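Residue-level structure breakdown
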Amino acid sequence: MSKRLTEILSSNYVAAANKLRPKSARHKILAFVESYDDIAFWHSILSDFENDRVYFQIVPPSQSSLTKGKKTVLANQLGDRLGYSMIACIDSDYDYLLQDANPTSSNINSNPFIFQTYTYSIENYQCYAESLHEVCVQATMNDREIIDFVELFRMYSEIAFPLLAWSVWFHRRKNKKEFSIADCCHLLTLERIDVYHMERSLWQMNRKVQNKIKGFETDYPIGKIEVEKLQQEFNSLGVTPDNSYLFVQGHHIMDAVVMRILAPVCNILRREREMEIQRLAEHSMQYRNELSGYENRQTNVNEILRRNTDFRKCPMYEMIVRDLQRFMEQRAQ
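Read on for a plain summary of the structure. (Residues numbered from 1 in each chain as written. Predicted model: local features only at pLDDT ≥ 70, side-chain atom pairs only at ≥ 80, totals over all residues. Heavy atoms only, no water.)

So, about the overall build of the protein chain. Across its full length, the protein chain carries 16 helices and four strands. A sequence separation of at least 24 residues applies to 77% of the contacts in the protein chain between residues at least 6 apart. Summed over all atoms, the accessible surface of the protein chain reaches about 17,100 Å², with 48% contributed by carbon and sulfur. (Helix = DSSP H or I, 4+ residues; strand = E, 2+ residues; numbered from the N terminus. Contact = heavy atoms within 4.5 Å. Areas by Shrake-Rupley, 256 points an atom, 1.4 Å probe, with all protein chains shown as cover.)

Given below as structure tokens:
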């Protein structure tokens, strides 16, 4: 990046530009996000903090190329360029759980101008268990509840919690090649899904996870003690056996777990609604018209899931709000 472009993108430059605006004009706060896909999510949060004095302009990480990602955001924004006129909004990945294990994680967790998801990524919010029934309703226009998603992901999280702790332990020891995030996700996959008997898939996953943990405890005896302490630390961070699915890689949770459940659930709900139309239709013409109308009103469940914003009751979302409230209060001083 040229020296001139760096100056243009600096928080100080934006702050100076704000001072030149008419008193009645609102001040702009640039918010850099990882990609275009993240703009809608952060807009849904940041827009709540706009007022007659300030507004947010959310932009991808690079103004000179299509380069995207967390590293690009942080590479452009580290140092004194962040401030009250320029912020960074990023996925936490493992950085929230790593705390001060490396300079990047330490900076993310301490810099008041870097806002993180706290969950692994945006996808974890979109897959918030309490919202998944509503996702199915929107996709199928059928309100029957086939699965208790809250209880399902509580059970999933209980199985995943100790393995997540081992995964973070390896990362904190800078030994992630021994047990990568991909390795962890592979074990936390639900296989042979039967929506009427999800306990079978959970049991299979639990067996794989427990076998892996037993191997770790044998190969890394000191790790067993340290992982137990890490689990206690997790609790202080808001990571519990009830919600650990929020801290597993977001793309995995969405694509390899949630969508593999929602797809068959929605298929069942659609068939039920179609059978109801057939049963209630008084003649073939009415049946065809009603069925055609129902089919036209359906929406792809994957599309609805990726636009899901019904996560505001999530405790981690409340942490983002708390950080932004503090930022806005300090900015106003």
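Next comes the rest of the write-up.
The next thing to look at is the environment of His 43. Among the secondary structure elements, His 43 is positioned in helix α3 (residues 39-46). The spacing of His 43 and Ala 31 is 12 residues in sequence and 9.5 Å in space, taken between C-alpha atoms.

The next point concerns the pairing of strand β2 (residues 54-59). Two elements, strand β1 (residues 27-32) and β2, share six bridges in a ladder whose sense is parallel. The residue bridging His 27 from the neighbouring strand is Val 54, located in β2. Where the polypeptide runs from β1 across α3 and back to β2, its parallel neighbour, the crossover connection is right-handed. (Pairing = 2+ DSSP bridges. Right-handed = clockwise from strand over helix to strand, strands pointing away.)

Right, let's talk about a negative patch on the surface for a bit. On the surface, a cluster of negative charge is contributed by Glu 130, Glu 134, Asp 143, Glu 145, Asp 148 and Asp 310. By the element assignment, Asp 310 lies in the loop between α15 (301-306) and α16 (315-332). (Patch = residues over 30% accessible without salt bridge, like charges linked within 9 Å, V, L, I, M, F, W, Y side chains within 5 Å. Salt bridge = Lys/Arg side-chain N within 4 Å of Asp/Glu carboxyl O. Lys, Arg positive; Asp, Glu negative; His and termini not counted. Charge placed at Lys NZ, Arg CZ, Asp CG, Glu CD.)

Turning next to the nonpolar core. In terms of nonpolar packing, the biggest core is built from 104 residues, with Trp 42, Phe 153, Tyr 156 and Ile 261 touching the most fellow members. With 14 residues, helix α9 (residues 149-172) is the largest single contributor of residues to this core. Discounting chain neighbours no more than four positions away, the residues touching Phe 153 are Ala 129, Leu 132, Asp 242, Tyr 245, Val 257, Val 258 and Ile 261. (Core = buried A, V, L, I, M, F, W, Y, C linked by side-chain atoms within 4.5 Å. Buried < 20%, exposed > 50% of the residue type's maximum accessible area, 1.4 Å probe, protein only.)

Next up on the list: helix α11 (residues 198-219). The end-to-end C-alpha distance of α11, which contains 22 residues, comes to 32 Å, matching closely the 32 Å that a straight helix rising 1.5 Å per residue would cover. For α11, the complete set of buried residues consists of Met 198, Ser 201, Leu 202, Met 205, Val 209, Ile 213 and Phe 216. One face of α11 carries all of its buried residues, which in axial projection span an arc of 95 degrees. More than 90 degrees from the buried face of α11, the exposed residues found are Trp 203, Lys 214 and Thr 218. As for α11, its buried residues are in contact with α9, α10 (181-187) and α13 (250-280). (Expected span 1.5 Å × (residues − 1). Arc of directions from axis to C-beta.)

This part is about the sheet that holds β1. Read across the open sheet, the four strands follow the order β2-β1-β3-β4; overall the sheet is parallel. Lying at the two open borders of the sheet, with one neighbouring strand each, are β2 and β4 (114-116). Looking at each pair of strands side by side, their axes are set apart by 30 degrees on average, direction ignored. Across the sheet, α16 is in contact with β1, β2, β3 (86-90) and β4; its angle to β4 comes to roughly 160 degrees. (Axes fitted to C-alpha atoms, helices over the stretch in contact; angles between N-to-C directions.)

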